[in-house]
Amino acid sequence: MSSVGNRYRSWWRRGAVIAAFVALATVGYVSVRLAQQQFGIDTLPDLLGNASHPMSKNGLHVEDIAADAKGYQGEILVRGVVAGVANGDPQLIALIDSREARTCQDLKCAKFYLPVRVPGDTPKEWEEIDAMGSIVFGTFKTDPQRPLLQAVSLKNFGPIR
């Protein structure tokens, strides 16, 4: 008879542990949602603890440009991380996708580098920027089909590293 009582107690304990876990997860989720509403936070920090800046409604990532550069006409906003600066031209930088830079933790692992001609001060490597401008083609003699973002303004969010 004691073995039946032990089985009943072990099932009861498992149920209590599962119920406690579900309650804890629910309280955590509700707390995060309330904090987002109260403080006006649209995004949470990524897994590495770096706060990601909210993307504007019409903003694009560098990977979006890589997929279809000719499909974007007019002025666009592109978010990326500075992967390098051209040797002979400090106004020409290379951008990689911010998500890729955070995941890879290396500026040389990107699948696509978007050349950007920047106005004013040149941002440094690892800085995340929003570049507003338009895509132009035919500026590179070696590859006339390569897109170039001719930026008219930059918003620098600082280093992600």
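Residues numbered from 1 in each chain as written. Predicted model: local features only at pLDDT ≥ 70, side-chain atom pairs only at ≥ 80, totals over all residues. Heavy atoms only, no water.

**Focus: the overall build of the protein**
For clarity, the threshold we go by: The way it works is that DSSP assigns letters per residue, a run of H or I at least four long becomes a helix, a run of E at least two long becomes a strand, and they are numbered from the N terminus. Only protein chains enter the accessibility calculation, which uses a 1.4 Å probe. A residue is then buried if its area is under 20% of the maximum for its type, exposed if over 50%, and partly exposed in between. Should any heavy atoms of two residues lie within 4.5 Å, those residues are counted as being in contact.
Scanning the protein from terminus to terminus reveals three helices and six strands. In the protein, the succession of helices and strands from N to C terminus is α-β-α-β-β-α-β-β-β. Out of the 161 residues belonging to the protein, those deemed buried represent 29%. Summarising the internal contacts of the protein: among those between residues at least 6 apart in sequence, 58% fall at separations of at least 24.

**Side note on the side chain of D130**
Selection rule: In protein, a polar contact means a hydrogen-donor-capable atom and an acceptor-capable atom, both N or O and within 3.5 Å, with residues adjacent in sequence counting only if both atoms are side-chain atoms; elsewhere, any N or O pair within 3.5 Å suffices.
With respect to the secondary-structure elements, D130 resides in strand β5 (residues 127-136). Here the side chain of D130 touches R79 through a polar contact of 2.6 Å, side chain to side chain. Setting aside residues no more than four positions away along its own chain, D130 makes contact with L77, V78, R79, S153, L154, K155 and F157.

**Looking at the pattern of salt bridges**
Filter applied, for reference: Within this document, salt bridges are pairs made up of a side-chain nitrogen of Lys or Arg and a carboxyl oxygen of Asp or Glu, the two lying within 4 Å of each other.
Enumeration over the complete set of coordinates arrives at four salt bridges. A salt bridge links D89 to R117, with the shortest nitrogen-to-oxygen separation between them at 2.4 Å. Pair noted here: D89 is in the loop between β2 (75-85) and β3 (92-96) and R117 is in strand β4 (residues 114-117), with a separation of 28 residues, a long-range link. The class of D89 is partly exposed, set by a relative accessible area of 22%. Residue class for R117 comes out partly exposed when judged on its relative accessible area of 27%. The closest approach of N and O atoms between D97 and R99, which form a salt bridge, is 2.9 Å. For D97, a relative accessible area of 1% corresponds to the buried category.

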